[in-house]
Structures are given as C-alpha cells and as structure tokens.
Amino acid sequence: MKKLIALFPLAILHFFSGYTQTKLTLDLEKIWSGHFDERKYVVQLMNQSPRFAWIQTDTGTGPQVILSLDFNTTRIVDTLFSNQIKRETDSVPTTFTYFQDFRFSPDDNKILIQTQIEPFFSISQKSFNYIWDIDKKNLLVVSANGKQMHPSFSPDSKYLSYVLDGNLYLMDIERNKTTPVTVDGVTDQFLYGMADALYENGFGISKAYEWSPDGRYIAMLRFNENTVKQYPISIYERPYADIKSQRYPLAGEMVPDVKVYIYDVANNLFIAVDAGVNPDQYITGIRWSPDNKSLLVQRLTRNQKKLDVLKADAETGKTTILFSEESPDNYVRIYPENIQFADSGKSFFWFSEKDGYTHLYKVGFDSGTFNPVTTGKWEVFAIEGIDDDNKIVYYTANEVNSRQKQLYRIGFDGRNRVRITKGSGYHNVWLSNDKRYFFDEYSSINTPSTFQVTSIDGNETKKLIENKELKERLKDYRIPKVELFTMRANDTVSLNGWIIRPTQNIRTRPPLLLYVYGGSGRQEALDKWNDKFILTMGWFASQGYAVACIDPRGTPGKGQDFRKSTYKSPGDIEMADLLIAKQYLARNYRIDSSNIAVMGWSYGGYLASLAQTKYAGQFKAAVAIAPVTNWRFYENIYAERLLSLPSENAEGYKNASPVTFSNNYKGGLFLVHGTADDNVHLHNSMELSKQLTANMKTDFEQHFYPDKTHNLSDGTPNILRISLYTRILDFLKRNLK
C-alpha cells in the first residue's frame, strides 16, 4: 500500500485526506441509528428569575426531571418536576409518562408538560399536555379529548388556551374547568387560532392567536378553507387504498378566506376587525400594543407586492392604515415574528429589507415613521432581547460572514453596535431576563455543539455541555473535514460553498457529487454543525466521491437582490451558478469534470430534474428527491411569489418547469418521491416520468416510498434514510464511471 501511494503525484496526495488505516470507516447505519447523535438538552428560560431549566433523563434508572440552573453561578438550583411524582401523602411515587418538552407560565409557578409530540403541518405540532403546579405539587390533564395545539398561558397565569380540532379553548386552571371559545371549527373547513398548511409553508406562520398583555382579550385568525380545493393523497395501508384529502390551493387558484376577530374574555363577546372585504388577500400577522387598546394587523395583497399594517381599535374593530411597504418590481418579504414593542409602547421594532438587506427599524406607534437601527450589507436574523430601560436591543446577524450567526447589541438610536459572541461559526442564543447572561449553543461545520453560559459583555464563559463523548467517538472514525470555499458567480456576486475530499484514493481525478437546495428559505453552506447530513456526505466521500455543496443565487443571507434575482424565471440563474461551480471545482480541486452528479431535495430536487431536462448534457447524472417538476402543481403562496400569477406569467411557468423540456433528456436521472408527500405532491414526479416515457426516454430510474411524506424519515434507526442513501450510492456507481 505504501508503495502504491508513493507512486501518486504529489498534487493527488494533497487532495486526498490521507487517514491512517487504524481509523474506522464511516458506517451509514451508525449515522442513522443515533451512534453519532449530539447530546442535546431541551432548554427553556424562566420568566421571573435569571435561571434556565432543562430536561435531564437518567438512561440507567429511568427518572426524568426538569432541573433549573442559575445563570450567575451555573449551579443547579432546584428540581422543578420529576416523572416520579411523590406527594406527601404517597408511600411510593407515581410514574408519569416520559415527556419531550415543557414551558413556564409567566409567573414561573406552573409548568406545561408536553408528551407524545407529533408533527401536524410543516411547523406545528400536537401533543398531550399537562399542567404541573410547582407549589401545590398538583398535576392537571389539559384535555382527554385529543392532542392539543398551540397551548399558551394567559398573562396572569390563571388560564391556558389551546386549539383542538380547529376550535380555540380556554381552561381555568384553578377550577380545572374548560370552556370552548369557538364551536364551529372543523378541521379542513374552519380553523380558529391556528394557521393552515398553506400559511405554514408559505409564510412560516403557525400559531394564529395572541393574548392581550392584560389578559382581557384574545385576538385570533379564522380560516375558512371551504374556498380551497381538496387534493387527494392515496394511503396504501389496506387492501383498498384510502384517500386522504388535503386543502391545497395550486398556483392561481382560490386561497383561504381569513378573518380577524377579538374575543372579550370576561364578556364572552366577539369583535370583528375590519381587515377589508377582499377574500383574495393574506393576513400575515397580528400583534397587541402594550396598552391593550390596539391590535396591529398585517395585510398582504395576493400578488405579495404590498403590505399594509393596520391599527385596529380593540373595542370596535375599526382600522386605519399605520403604514405600508411596497415592492412593485417583485414582492415584499414577510417576517413571522415582526413587531416587537419598545419605548414603553411608543414605538416598535420592524424587520424590513427596504434598503436591500434585512435590517431593524424603529417605527413610531402613533406616526408610523421609520428610523433605521441597523444598516450595512449584511442581514439581521432575529431580535433576541430588548432592554427598554437602557435603550438597547440584542439581535443576531451575519455581519461577520454570510455563513455565520453572531450576537450583537446596539442602541435604539443605531449607535454603539457591539459584537458579543466570540468564535467563528453559528451561535443560537437565549438571553436571561435580566440581560446579564445568555445561553449559547455554538458550533461550526466541523465541530459539534458546545452549550455554554456567557456574560453579556462576553468576558466570562462557562461551558456546560461540550459533547466530549461524541467528539471522542468521532476521533475513532475516518471523518473527512469539510472545507469552506467562496467562488465568484460574476464580477460582483460571490457564492458560498463547501467541499469534502474523498477518503479513498481510487482515481486520479475523482467524480463529484454536487448537493444543492437553492430555494429562498434556507442556506446550506453555513458554518454550522449538521450532524447526520454532514456525516452522510462524509460517508459518500468514504466511497471515493468528492462531495460539494453550493448556495446559488436565489438563497437568503446576502440581501434581496441576491435572493430575488430568480423572480419570474426560477431555475436559469441557479443552474448558471451550478455550472460555474462545476468549472470552479474541476479547476481548483482536480475533479473529473466528465463525472459530476447533482443531487437535491424539494427545491434542490427541482434543480436536479431541470439539470437533466432543460440543461441536459451538462451533468453526467442527477438525483431528484421530491422535486417540483411543474410550478402549476405547487401551492400558490410560494409559486406566485416566485413566478407571479399564472395568468400574468404563463410563459414563465412553462420555461421554469422540467416537464416542458423532457424531450431534451439524455440520461442519468434518478427520481425519488414519497407517495404521501403533502408538500410537493407525487404528481410532480409522476408527470415528469410520464412525459419522459412519452418522449421515448426510457433510461431513467425512479423509486417511490409508499405512504411516506416529504421528509422521507421514520425515526431511529432511520431505515428509510439508510435505504435512500444506499440506493443513491448504487445509482452513482452505475452512472459515474
């Protein structure tokens, strides 16, 4: 072996990773069975004290507890709950079911315990919920009538609201009595206090109700989905397949009719908010003013070019327009968590990309005037805390690098901006209520997460969880390093990417697997640990492939011009960037340019299928997982944001769809789809398969996973993912020769 390696050119020795034979080879089954999972805790901040709490499970004996820790001392203060419940009158403890999450009431005296959590739409979840009274040592069942959604304590901690089967309910905790706020809610017809699947996918909105600060009112959205057509999804669990119907408005079709109501809790009275009579619009946010007198309502036009912020009177429901944002050349970006009040309610912070990048503005509550707080060619992610007394706002942003996420603070007037977090990479943070410390989950692309407590000045850090066991376990394996790179798309635009070099020197110039997502909602080439995905890409590298990833134009993080460059003509600019990446990688990393496959999922699957149709011959092979193949088959919020209405851009829809160019196909396509996909329907892959066949293109492969949804996942061990990536490897072996 040593002689064989010695015969390779020096440049080839430099390209390959050169691990010693004592290391173990990455194993796909170990990756997806939890062998390399991070040690993570479910953490929640307390509201009235500078403490946070987390779930601690003893895997040996079985007890599961919620422990609280003081930010100042980083010492455990108390055990707040245990699934081994023992009251003073009990001789032995009662074993409570295992739980997955929890949250505190505003006064910290009660804990909502959540069990048997399962996904509902793309964001929302439903679960069985219990309320634990810390002082009384009393456990209440929230409801025995089914799993609940969006539970929320009232501001005075006396009530719990939640959604069940489309209706909003109110539980009097002290009396353990529940009353329905609405009664005509029906799943797939009328929904109160919860967004439908369309709003979740299109706007990132899930919970659709909010308590007023004094607890007198609850504002809510009411979705009438009867205007939306039903889409059938076949389920093959029985001899006669079942049909699951889903409300799914395709591009150009009717959207749900959404109304805004204010519920007066004490008087059991509903007040209709005047958000306009046009059913062809969206309501994209509601927020109470601190004085409880006004409700701010965000109203978006169907073409998504104009957003009005309405100020509604809480007692009458009458509205006036406080201000509007317009983007006549494309669309207005929607931020689900917009509007956070400051200055004792005299102003609020507003996210906008009106200067080209997502930044913070302070808006006068009475005047609607804008004052910029942050500026620059970088983007703000989220507000992490507001210190009204000292006029400071804490936020996360990618100012240092568009791959990173760091914590900053700045004055309300936009002065004295300071970076707080240290270390390049990605920081997810939670600030203590006194703004003296923050909890920091920190990682980089090659380093698993470290959980630490840091003082707000950044000078004092105490590490709580370093994932030492995982890091030691990784040392036993041949884990190839991920190398970050930046390349030019043109003279003014740069693209982020990464590459993993193959760990087997089987070829002078190795084949390349190029992974892409490319959609407007997510970056892939972040400097952030992404355990199973990155390790799976490393597994492909262990099979002799170089693996790379690129964020083309159309993805977020680099301003609106970068993200909106694909407006009305998606696919072409992204493919141009993939072709530039192909040349760049072949030139700089000695890749075999004749043996490159592109792989993607969802929007990335769309680009992969486009690569083998409209851009046939540019890539040797492509793996398209759950692809959109015709934008007329996709839901209207996303499709119309990308391409406008079909009636206004019919040619754009045609030119953007892979099925239009199926006759160009030259070979090397692997189509993968879950038959119960309720996001990108199976219809997409079926239509491309049908058109390829009609054009006598028979040399493509396809595999469908029965009754599986968009995520193609089935728990731990994840047999589905093991099957998927094994099939992809077999496909690559047949096509990249």
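Residues numbered from 1 in each chain as written. Predicted model: local features only at pLDDT ≥ 70, side-chain atom pairs only at ≥ 80, totals over all residues. Heavy atoms only, no water.

*Asks:* Before we move on, could you go through the environment of Pro 510 and cite the residues and values that matter?
*Replies:* For Pro 510, the location among the structural elements is in the loop between strand S39 (494-500) and strand S40 (512-516). Residue Pro 510 is classed as buried on the basis of its relative accessible area, which comes to 1%. Placed 82 residues apart in sequence, Pro 510 and Asp 592 show a C-alpha to C-alpha distance of 5.6 Å. (Helix = DSSP H or I, 4+ residues; strand = E, 2+ residues; numbered from the N terminus. Buried < 20%, exposed > 50% of the residue type's maximum accessible area, 1.4 Å probe, protein only.)

*Asks:* Kindly report on the nonpolar core, identifying the contributing residues and their values.
*Replies:* Core analysis: the biggest nonpolar cluster contains 59 residues, and Ile 550, Leu 585, Phe 619, Trp 631 and Leu 669 have the highest contact counts within it. The greatest single-element share of this core, amounting to eight residues, is contributed by helix H8 (residues 572-589). When near neighbours in sequence (up to four residues on either side) are disregarded, Phe 619 contacts Leu 514, Met 575, Leu 578, Leu 579, Lys 582, Ile 596, Val 598, Ala 611 and Gln 612. Ranked by size, the runner-up nonpolar core spans 55 residues in total, among them Met 149, Leu 191, Phe 203 and Ile 339. (Core = buried A, V, L, I, M, F, W, Y, C linked by side-chain atoms within 4.5 Å. Contact = heavy atoms within 4.5 Å.)

*Asks:* Quick rundown of helix H6 (residues 531-542)? Include the residues and the values.
*Replies:* The end-to-end C-alpha distance of H6 is 16 Å, a good match for the 16 Å that 12 residues give at a rise of 1.5 Å each. The element H6 is extensively covered by neighbouring structure, given that 12 of its 12 residues are classed as buried. Looking at H6, one finds that the buried residues are Asp 531, Lys 532, Phe 533, Ile 534, Leu 535, Thr 536, Met 537, Gly 538, Trp 539, Phe 540, Ala 541 and Ser 542. Gly 544 sits one or two positions beyond H6 and adopts a positive phi of about 105°. (Expected span 1.5 Å × (residues − 1).)

*Asks:* Any details on the packing of aromatic side chains? Residues and values, ideally.
*Replies:* Scanning the model with the defined rule gives 52 aromatic pairs in all. A ring pair is formed by Phe 81 and Phe 99, whose centres lie 5.5 Å apart and whose planes are at 65°; its orientation type is edge-to-face. Of this pair, Phe 81 sits in strand S4 (residues 76-82) while Phe 99 sits in the loop between strand S6 (94-95) and strand S7 (101-104), and the two are 18 residues apart along the sequence. A relative accessible area of 1% places Phe 81 in the buried class. Take Phe 99: its relative accessible area is 3%, and that puts it in the buried class. Ring centres of Phe 323 and Phe 370 lie 4.9 Å apart, and the angle between their planes is 90°; on these two criteria the pair is classed as edge-to-face. (Phe/Tyr/Trp six-rings, centres within 6.5 Å; stacked < 30°, edge-to-face > 60°.)

*Asks:* I'd like to hear about the sheet that holds strand S22 (residues 281-288), residue by residue, with values.
*Replies:* By definition, the strands of a sheet pair up through backbone hydrogen bonds, in either a parallel or an antiparallel sense. Spatial strand order, S22-S23-S24-S25: four strands in an open sheet with antiparallel pairing. Each of the sheet's edge strands pairs with one partner strand only, and the pair in question is S22 and strand S25 (319-326). Adjacent strand axes in the sheet meet at a mean angle of 20° when their direction is disregarded. Pairing between strand S23 (residues 294-301) and strand S24 (residues 306-313): seven bridges, direction antiparallel. When the bridges of S24 are listed, Gln 298 appears paired with Val 309. (Pairing = 2+ DSSP bridges. Axes fitted to C-alpha atoms, helices over the stretch in contact; angles between N-to-C directions.)

*Asks:* I'd like to hear about the pairing of S40, residue by residue, with values.
*Replies:* The buried count for S40 comes to five of five residues, which makes it a mostly enclosed element. Taking every second residue as pointing to the same face, both faces of S40 are buried, with Leu 512, Leu 514 and Val 516 on one and Leu 513 and Tyr 515 on the other. A crossover connection joins S40 to the parallel strand S41 (residues 546-551) through H6; in handedness this β-α-β unit is right-handed. One ladder, built from five bridges, connects S40 with strand S42 (residues 596-601); its direction is parallel. Bridge pairing in S42 places Leu 514 opposite Val 598. (Right-handed = clockwise from strand over helix to strand, strands pointing away.)

*Asks:* Requested: an account of the sheet that holds S7, with residues and values cited.
*Replies:* An order of S7-S8-S9-S10 is seen for the four strands of this open sheet, with the pairing classed as antiparallel. Of all strands in the sheet, those with a lone pairing partner are S7 and strand S10 (138-141), marking the two edges. Sheet twist, expressed as the average angle between the axes of neighbouring strands with direction ignored, equals 25°. Relative to strand S8 (residues 110-119), S7 runs antiparallel, the two being bridged by four bridges. Across the sheet, the residue bridging to Phe 104 is Ile 111, located in S8.

*Asks:* Residue-level account of the environment of Ile 76, with values.
*Replies:* Tracing the sequence through the fold places Ile 76 in strand S4. Along the sequence, Ile 76 and Phe 128 sit 52 residues apart, while their C-alpha atoms lie 28 Å from each other. Filtering out sequence-adjacent residues up to four positions away, Ile 76 remains in contact with Trp 54, Leu 67, Ser 68 and Leu 69.

*Asks:* Quick rundown of the pairing of strand S45 (residues 701-705)? Include the residues and the values.
*Replies:* When strand S44 (residues 669-674) meets S45, the two strands line up parallel, connected through five bridges. By the bridge assignment, Val 672 is partnered in S45 with His 703. Note on the crossover from S44 through helix H12 (residues 683-694) to S45: the handedness is right-handed.

*Asks:* Explain the confidence of the model for the protein to me, using residue names and the numbers behind them.
*Replies:* Counting all residues, the mean pLDDT for the protein is 93, and 96% of those residues have values of 70 or more. Overall, residues 1-20 carries pLDDT values under 50, and its contacts beyond four positions in sequence, including any with other chains, amount to 29 contacts. (pLDDT = per-residue confidence, 0-100.)

*Asks:* Describe the side chain of Gln 148, with residues and values.
*Replies:* Assignment of secondary structure puts Gln 148 in the loop between S10 and strand S11 (149-153). A relative accessible area of 0% means that Gln 148 is categorised as buried. Side-chain polar atoms of Gln 148 contact the backbone oxygen of Ser 143, separated by 3.4 Å. From its side chain, Gln 148 meets the backbone oxygen of Gly 146 in a polar contact 2.6 Å long. The contact partners of Gln 148, leaving out residues within four places of it in the chain, are Gln 125, Lys 126, Ser 127, Phe 128, Asn 129, Val 142, Ser 143, Tyr 162 and Val 163. (Polar contact = N/O pair within 3.5 Å; in protein donor to acceptor, adjacent residues only side chain to side chain.)

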